[in-house]
Structure formats: C-alpha cells, structure tokens
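Structural description and commentary
Letter by letter, the chains look like this.
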Amino acid sequence: QMCIRDRLNNMINEFNTKTFKLKNINIFGVEYGEGPLIIMVHGWPESWYSWRHQIKPLAKLGYKVIAIDVRGYGQSSKPQEVEKYDMLSLVGDLLDIINEENEEQAILIGHDWGAPICWTTAALHPEKVRAVVGLSVPHSRRGNISNSELWRQIYKDNFFYQTYFEKEGVAEAELERDVGASLRKIYYWISAEGHDAKVRTNFDKDSELLDGLVDPEPFPNWLTEEDLNFYIKEFKNSGFRGPINRYRNQDRDWENIPELSNLKIEVPSYFIGGGKDSVRKFIKGYDFYENPGKHCNDFYGKLIIDNAGHWVQQEASIETTKGITDFLMKLEENTK
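Report on the accompanying structure. (Residues numbered from 1 in each chain as written. Predicted model: local features only at pLDDT ≥ 70, side-chain atom pairs only at ≥ 80, totals over all residues. Heavy atoms only, no water.)

Within the protein chain, the secondary structure is distributed over 14 helices and eight strands. Taken over the C-alpha trace, the protein chain has a radius of gyration of 19 Å; the compact-globule value for 336 residues is 20 Å, and the two agree within 12%. Across the 336 residues that make up the protein chain, the buried fraction comes to 58%. Within the protein chain, contacts between residues at least 6 apart in sequence are counted, and of these 77% link residues at least 24 apart. (Helix = DSSP H or I, 4+ residues; strand = E, 2+ residues; numbered from the N terminus. Rg over C-alpha atoms; globule rule 2.2 N^0.38 Å. Buried < 20%, exposed > 50% of the residue type's maximum accessible area, 1.4 Å probe, protein only. Contact = heavy atoms within 4.5 Å.)

Written as structure tokens, this is what we have:
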C-alpha cells in the first residue's frame, strides 16, 4: 500500500499546485512548464488527474499547462446552488484564470463536459482563445429545444441517466453509498471494454443508474489501483452534487445563451474521440463523430481512436497525446 501511495505522491509532487481565488469561487489546478498557456478541463465524473498522461508531454513542447478541477470537484469550491453550475459560470471561470495568469489568450483542451465548456468559451470569446481541442464531445449548436428536453422526449418511457439526474439528491444518494463501486462501474460502463461487454444501464424507467452496471474484477489496466484510489479519495471529499448539478442546467443554458444557435467556432480547432465511445451513438442511427467540424471555420480535422471508449485520454493515452501534440505543432507552423 505504501509504495503505491509513494508513487502517486511523487507524480503529483512534480506538478505545482495552485488555487485561483476568483470571484466568489476558488479553482484548484496543477501546473507544469513555461510558455503560452494551455488550460485542460476534465469531464464527469473526473478530476484534473484525468490529464496526468498529457500534462508533461504538452509542457515539453514549450507551454505552461494548467489542468483544473472544475468547480464542484476535487479541491475547487463546491457551491450548493444548482444555478452556480450553469455554462456561463463555468466559461467565466476559464476567462478569469486566463486573466489571473496575465495572458491575453489560452489554448483550451476539454474532455466530456469539459469539451462543451471549452467550445462555448471559444464561441462566445474568440479573442481569449487561441485554439480549442474537444475530446469525446464535438461542438454542436444550440438545438430547437434544450438537450434535457430532447432526452425527456426520446427516453420518456425508458431509463436515461441524464433524466435520472434531474431530481436533486436522488443520484447523489445512490452514488455516494459506495463511492469506489460507483466510480468503477461508471468508468467501466463507457470504456472500450464495457462497450465490448455490452454493459448497459437498465431500460426500466424506475431503475437506478448503477443497476445493470458491472464492477469489473480486475479493472482494465488503463486505470491502476493507485489511479482508482486517487479518484475515490477525491469523490469521498467532494461528493457528487456539484458534478451532477452541471446536468441540471441544460434548460437554463438553452435559455441563457441563444447566440449559440448561430455562432461558429472561428479559432483553430480539433477533435479527438474513441471509436467505441457511447456518446457517438447517443441518438439512434446518427454518428456524432462523422462530421465534428461542421460548425468550425478553422477545423484541423479529427482523430478517431478505434479501440478506445469514452475515457480516451486515459484509455489511449499515447495516441491522444500524439493527436494533441500534432495539432499544436501544426498550429505553431501556421502562426509563424
């Protein structure tokens, strides 16, 4: 046990940790390297730690890399109120960090919920964003109805995790009963291994999220015991309310940001996804990854990593890192 903890501490100790004291909120991050700013933004239910394989290789290209805990997670502030997790607040956190760093701009890299946070920041504030990379979730425009409304219509008779999340306190209580089992089941569910094992949530509308999900023994080796222990410790500390509050703002975001109906991504952009990611097939018969640059005016292409699932920067860390570094090198070529 001791040597696992030591290895973990050594890795984390190589990064500088810092806390940004922003307006009414503290955002925790780890930082490495010197140069133009890159901010890395994780998804649900994760941590700055999900970028552990990418931070140093990107810094070695000559950047200052900051991987944050999104508000609600890890060592960042965890406001109670649902509306404190709306998209404009999360975009504001990124803009405030760029200003705190005394930078004009940053390159933003986001995975899962982190991707729409980065895409939206680039759409609304192109002058603050030098380039954007989205992992797992392509940029999409505001629909005719909010995503939550869409899910309510599509899944009205079946269980769907995002509609299950709408009721405050319900999913939190379920997931906090046994944090370790909850995380292992969620991580396995939409990994490549979970995809191949056809792991599914139950269809029954009255199901809980974890019913039907599998707690694999052993866990696939892209997450070690020390990695899992790190996440478990973080979520025992933070709970799940803040993380799930993000989902509860989709109607509010739809109302608040009508300009996303028309805005395109004008800054250089790139997309990376796992070939076995369930996000790809959220809507039956439609492949989200087919044309991820369709609302991007300076799109550098996509990298689909066939054998990876949703946790692409962890499941396929080498390929993902190479995809991002190739994009950054092209970006630098083009700005010479």
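This next bit is on the sheet that holds strand 5 (residues 106–111). Strand order across the open sheet formed by eight strands is 1-2-4-3-5-6-7-8, with mixed pairing between neighbours. Looking along the sheet, the strands with just one partner apiece sit at the ends: strand 1 (16–22) and strand 8 (299–305). Here the strands of the sheet are splayed against their neighbours by 20 degrees on average, with no regard to which way each runs. Relative to strand 2 (residues 25–32), strand 1 runs antiparallel, the two sharing seven bridges. Within strand 2, the residue paired with Asn 16 across the bridge is Glu 31. (Pairing = 2+ DSSP bridges. Axes fitted to C-alpha atoms, helices over the stretch in contact; angles between N-to-C directions.)

For the rest of this paragraph, the subject is the pattern of salt bridges. According to the stated counting rule, one finds 21 salt bridges in the structure shown. Note that Arg 177 is salt-bridged to Glu 208, the shortest N-O span being 2.7 Å. Separated by 31 residues along the polypeptide, Arg 177 in the loop between helix 7 (170–176) and helix 8 (179–189) and Glu 208 in the loop between helix 9 (192–196) and helix 10 (225–238) bring together distant segments of the chain. Taking the relative accessible area as the measure of exposure, Arg 177 reaches 59% and is therefore exposed. Relative accessible area serves as the criterion here: at 24%, Glu 208 is assigned to the partly exposed category. In this structure, a network of salt bridges that share partners links the residues Lys 18, Glu 31, Lys 64 and Glu 101. (Salt bridge = Lys/Arg side-chain N within 4 Å of Asp/Glu carboxyl O.)

Looking along the chain, the bond that leaves Trp 44 and enters Pro 45 is cis, with omega of -15 degrees. For Pro 45, the location among the structural elements is in the loop between strand 3 (37–41) and helix 2 (55–60). The linkage connecting Glu 217 with the following residue, Pro 218, adopts the cis geometry, with an omega of -5 degrees. As for its position among the elements, Pro 218 is in the loop between helix 9 and helix 10. The backbone of Asp 112 sits at a positive phi, close to 55 degrees, despite the residue not being glycine. Note that Asp 112 resides in the loop between strand 5 and helix 4 (114–124). Given the relative accessible area of 10%, Asp 112 is considered buried.

Quick look at helix 14 (residues 317–335) now. The end-to-end C-alpha separation of helix 14 is 27 Å, in line with the 27 Å expected for 19 residues at 1.5 Å each. Along helix 14, the residues classified as buried are Ser 317, Thr 320, Thr 321, Gly 323, Ile 324, Thr 325, Phe 327, Leu 328 and Leu 331. (Expected span 1.5 Å × (residues − 1).)

On to the packing of aromatic side chains, then. Applying the stated criterion across every chain, the model contains 30 aromatic pairs. Geometrically, the ring pair formed by Tyr 164 and Phe 165 is tilted, given 6.3 Å between the ring centres and 40 degrees between the ring planes. Here Tyr 164 and Phe 165 have matching classes, each one buried. Considering the side-chain rings of Tyr 188 and Phe 219, the 6.4 Å spacing of their centres and the 70 degrees angle between planes classify their relative orientation as edge-to-face. Within this pair, whereas Tyr 188 is found in helix 8, its partner Phe 219 is found in the loop between helix 9 and helix 10, the two being separated by 31 residues in sequence. (Phe/Tyr/Trp six-rings, centres within 6.5 Å; stacked < 30°, edge-to-face > 60°.)

So, on to the side chain of Asp 253. Within the secondary structure, Asp 253 is located in helix 12 (residues 250–256). When its relative accessible area of 11% is taken as the criterion, Asp 253 is described as buried. Within the structure, Asp 253 has its side chain in polar contact with the side chain of Arg 246 (distance 2.5 Å). The contact partners of Asp 253, leaving out residues within four places of it in the chain, are Asp 86, Met 87 and Arg 246. (Polar contact = N/O pair within 3.5 Å; in protein donor to acceptor, adjacent residues only side chain to side chain.)

The next point concerns the packing of helix 8 against helix 10. Two numbers describe how helix 8 lies on helix 10: the axes approach to 9 Å, and their chain directions differ by 120 degrees. When the axis of helix 8 is compared with that of helix 10, the two are oblique. Crossing geometry of helix 8 relative to helix 10 is assigned as right-handed. Within the contact between the two elements, helix 8 uses Val 179, Gly 180, Leu 183, Arg 184 and Tyr 187 and helix 10 uses Leu 228, Tyr 231, Ile 232, Phe 235 and Lys 236. The residue inventory of the contact of helix 8 with helix 10, partitioned by class, reads seven nonpolar, one polar and two charged. (Parallel < 35°, antiparallel > 145°, perpendicular 65-115°, else oblique. Left-handed = near helix turned anticlockwise from the far one by under 90°. Nonpolar A, V, L, I, M, F, W, Y, C, P; charged D, E, K, R; others polar.)

So, on to the nonpolar core. Counting residues in hydrophobic clusters, the biggest one holds 103 residues, and the most contacted among them are Ile 39, Trp 44, Ile 109, Tyr 187 and Leu 209. In contact with Ile 109, other than residues within four places in its own chain, are Ile 38, Ile 39, Met 40, Val 41, Trp 51, Leu 58, Cys 118, Val 133, Leu 135 and Ile 324. (Core = buried A, V, L, I, M, F, W, Y, C linked by side-chain atoms within 4.5 Å.)

A few words now on the side chain of Ser 136. Assignment of secondary structure puts Ser 136 in the loop between strand 6 (129–135) and helix 5 (147–154). Given the relative accessible area of 0%, Ser 136 is considered buried. Engagement of the side chain of Ser 136 in a polar contact is seen with the side chain of His 111, the distance being 3.2 Å. In terms of polar contacts, Ser 136 uses its side chain to reach the side chain of Asp 277, at 3.4 Å. The residues touching Ser 136, leaving out its near neighbours within four places in the chain, are His 111, Asp 112, Phe 271, Ile 272, Gly 273, Asp 277, Val 279, Tyr 289, His 310 and Val 312.

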